[in-house]
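Each chain, letter by letter, is given below.
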Amino acid sequence: MRFLCLLVVFVFAAAQQTDKPDKLALRKQIAEMKVKAFEMQTQIELLEKELHDVEDAEANQPIVAPGAKMAVKVRCQGHTRDGKRCVRNAEAGSRFCWQHKSKR
Ligand SMILES: [Zn+2]
């Protein structure tokens with residue numbers, strides 16, 4: 001048994017000494033690198049999504065001057081006669097613009 005072990009070590013050492021690149025080892029290395037590349041790609045996509053979400057949140061956040069707490073622009077919840085969403089800003093403290101507020 002001990003002899004077999006030594007033989008294995010010897011064969012392994014001999015294989016390492018050959019100039020030929022170990023195809024199996026190279027394939028294994030490539031496969032490992034591919035897995036790493038895939039993992040990194042997934043991570044990049046996750047980070048990009050996260051960045052996109054943060055940018056989206058920033059874009060949706062109304063620009064409020066410091067100290068002006070109530071200066072939030074809210075779009076009117078009313079609808080025009082042809083069923084489209086009203087494009088006016090709602091009045092302060094209301095969910096509707098001057099026009100749609102009067103109908104409520
Ligand atoms: Zn309106």
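Since this is a predicted model, take the numbers as computed values, not measurements. (Residues numbered from 1 in each chain as written. Predicted model: local features only at pLDDT ≥ 70, side-chain atom pairs only at ≥ 80, totals over all residues. Heavy atoms only, no water.)

Our next topic: the overall build of the protein. Secondary structure summary: the protein contains three helices and zero strands in total. Along the protein, helices and strands appear, N-terminal first, in the series α-α-α. For the protein, the proportion of its 104 residues judged to be buried stands at 8%. The long-range share in the protein, meaning contacts at least 24 apart out of those at least 6 apart in sequence, stands at 2%. When the accessible surface of the protein is summed, it comes to about 10200 Å², and 61% of that surface belongs to carbon and sulfur atoms. (Helix = DSSP H or I, 4+ residues; strand = E, 2+ residues; numbered from the N terminus. Buried < 20%, exposed > 50% of the residue type's maximum accessible area, 1.4 Å probe, protein only. Contact = heavy atoms within 4.5 Å. Areas by Shrake-Rupley, 256 points an atom, 1.4 Å probe, with all protein chains shown as cover.)

Quick look at the coordination of the zinc ion now. Binding of the zinc ion to the protein goes through Cys76 (SG), Cys86 (SG), Cys97 (SG) and His100 (ND1), at separations of 1.9 to 2.3 Å. Geometry at the zinc ion is tetrahedral, judged from its four donor atoms and the angles of 103 to 117° they form at the metal. Each donor residue of the zinc ion lies on one chain, and together they are spaced C-x9-C-x10-C-x2-H. Of this pair, Cys86 sits in the loop between α2 (23-60) and α3 (98-101) while Cys97 sits in the loop between α2 and α3, and the two are 11 residues apart along the sequence. (Donors = N, O, S within 2.8 Å, 3.2 Å for Na, K, Ca; no water. Tetrahedral: all angles 85-135°; square planar, octahedral: opposite > 155°, others 65-115°.)

Moving on to the confidence of the model for the protein. On average, residues of the protein carry a pLDDT of 81, and 69% of them reach 70 or more. Looking across the protein, the model is least confident in helix α1 (residues 2-17), with a mean pLDDT of 64, and most confident in α2, with 92. (pLDDT = per-residue confidence, 0-100.)

Across its 38 residues, α2 extends 54 Å between first and last C-alpha, which sits within 8% of the 56 Å expected from 1.5 Å per residue. Its side-chain oxygen 3.2 Å from the backbone nitrogen of Leu24, Asp22 forms the N-cap of α2. (Expected span 1.5 Å × (residues − 1). Polar contact = N/O pair within 3.5 Å; in protein donor to acceptor, adjacent residues only side chain to side chain.)

So, on to the pattern of salt bridges. Evaluated as defined, the whole model comprises three salt bridges. Of the charged contacts in the structure, one is a salt bridge between Lys84 and Asp82, with a shortest N-O distance of 3.9 Å. Given the relative accessible area of 56%, Lys84 is considered exposed. Overall, the relative accessible area of 57% leaves Asp82 in the exposed class. (Salt bridge = Lys/Arg side-chain N within 4 Å of Asp/Glu carboxyl O.)

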